[in-house]
Amino acid sequence: KSKGINRIKGIFISHMDADHVEGIRHFKNIKVDKVYLSGVEEKNQFYRYIKENYKNEIFETPYEEGDLKIKRIYYPCGQSPNDRSMVLLVTLRKKTFLFTGDISKNICDKIEQGKVDVLKVPHHGSVNSLSKSFYKKLRPDLAVISVGKNNYGMPSQEVIKALEEEGAIVKLTSKGQVNLKLR
């Protein structure tokens, strides 16, 4: 709202944990065309709220509009809701972004993806998502860790160090927002 945005074409929900979805309730005065879901049916208040209040669909087909491309990365899912997070590869003006939700190290190691410009670090930089081989494959220029005050020790200093060893600049954000100028 503060940036004058009154319409959003699509919101992608990685999974139904409160810290990934509860903000959607604040979009009452913003038109949302569609909410894209992972396809994992959850029995919680957020899933019901989205189903009752928004046009929604499972995101499977790549989305393309102008110089924006969004592709879902499929992998063998685990049993935990975190390991069933929707993982997205976004390309915008020849820059690549990988959004990983809360996947764990086991899932990171199964994803076949090469170099990206920006990585949204899995699970708020949790040590449970630390995968040096994953970071080595991705070689991100910028690693964004979305994390606020918590009692879980996130982000892990081991994760930050592993990313920096791969040459990534690590940026912490508590609001889930990073402003980038793309060239």
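Residues numbered from 1 in each chain as written. Predicted model: local features only at pLDDT ≥ 70, side-chain atom pairs only at ≥ 80, totals over all residues. Heavy atoms only, no water.

With that out of the way, let us pick up the nonpolar core. One finds Leu98, Ile111, Leu119, Val121, Phe134, Tyr135 and Leu163 to be the most contacted residues of the largest nonpolar core, which totals 25 residues. Within the residue set of this core, elements represented by two or more residues are strand 6 (87–92), helix 3 (105–108), helix 4 (132–138), strand 9 (142–146) and helix 5 (157–165). Among the elements that take part in this core, helix 5 stands out by supplying four residues, more than any other. Setting aside anything within four residues of it in sequence, one finds Leu119 in contact with Leu98, Thr100, Phe134, Tyr135, Leu138, Pro140, Leu142, Ala143, Val144 and Leu163. (Core = buried A, V, L, I, M, F, W, Y, C linked by side-chain atoms within 4.5 Å. Buried < 20%, exposed > 50% of the residue type's maximum accessible area, 1.4 Å probe, protein only. Helix = DSSP H or I, 4+ residues; strand = E, 2+ residues; numbered from the N terminus. Contact = heavy atoms within 4.5 Å.)

A word on the sheet that holds strand 1 (residues 7–12). Here three strands make up an open sheet; going across it, the order is 1-2-3 and the pairing parallel. Among the strands making up the open sheet, the edge pair consists of strand 1 and strand 3 (56–58). For this sheet, the mean inter-axis angle between neighbouring strands, taken without regard to orientation, is 20 degrees. Two strands pair when backbone bridges link them, and strand 2 (residues 31–37) and strand 3 are joined in this way by three bridges, in the parallel orientation. In the strand pairing of strand 3, Leu37 is matched with Ile58. Where helix 2 (residues 45–53) meets the sheet, it contacts strand 2 and strand 3, and its direction lies at approximately 130 degrees from that of strand 2. (Pairing = 2+ DSSP bridges. Axes fitted to C-alpha atoms, helices over the stretch in contact; angles between N-to-C directions.)

According to the stated counting rule, one finds five aromatic pairs in the structure shown. Taken together, a centroid distance of 6.2 Å and an interplanar angle of 65 degrees make the contact between Tyr49 and Tyr54 edge-to-face. Accessibility assignment for this pair places Tyr49 and Tyr54 in one class, buried. Aromatic pair Phe134 and Tyr135: ring centres 6.2 Å apart, planes at 45 degrees, arrangement tilted. Classification of Tyr135 as buried rests on a relative accessible area of 0%. Taken together, the ring pairs connect Phe12, Tyr36 and Phe59 into an aromatic cluster. (Phe/Tyr/Trp six-rings, centres within 6.5 Å; stacked < 30°, edge-to-face > 60°.)

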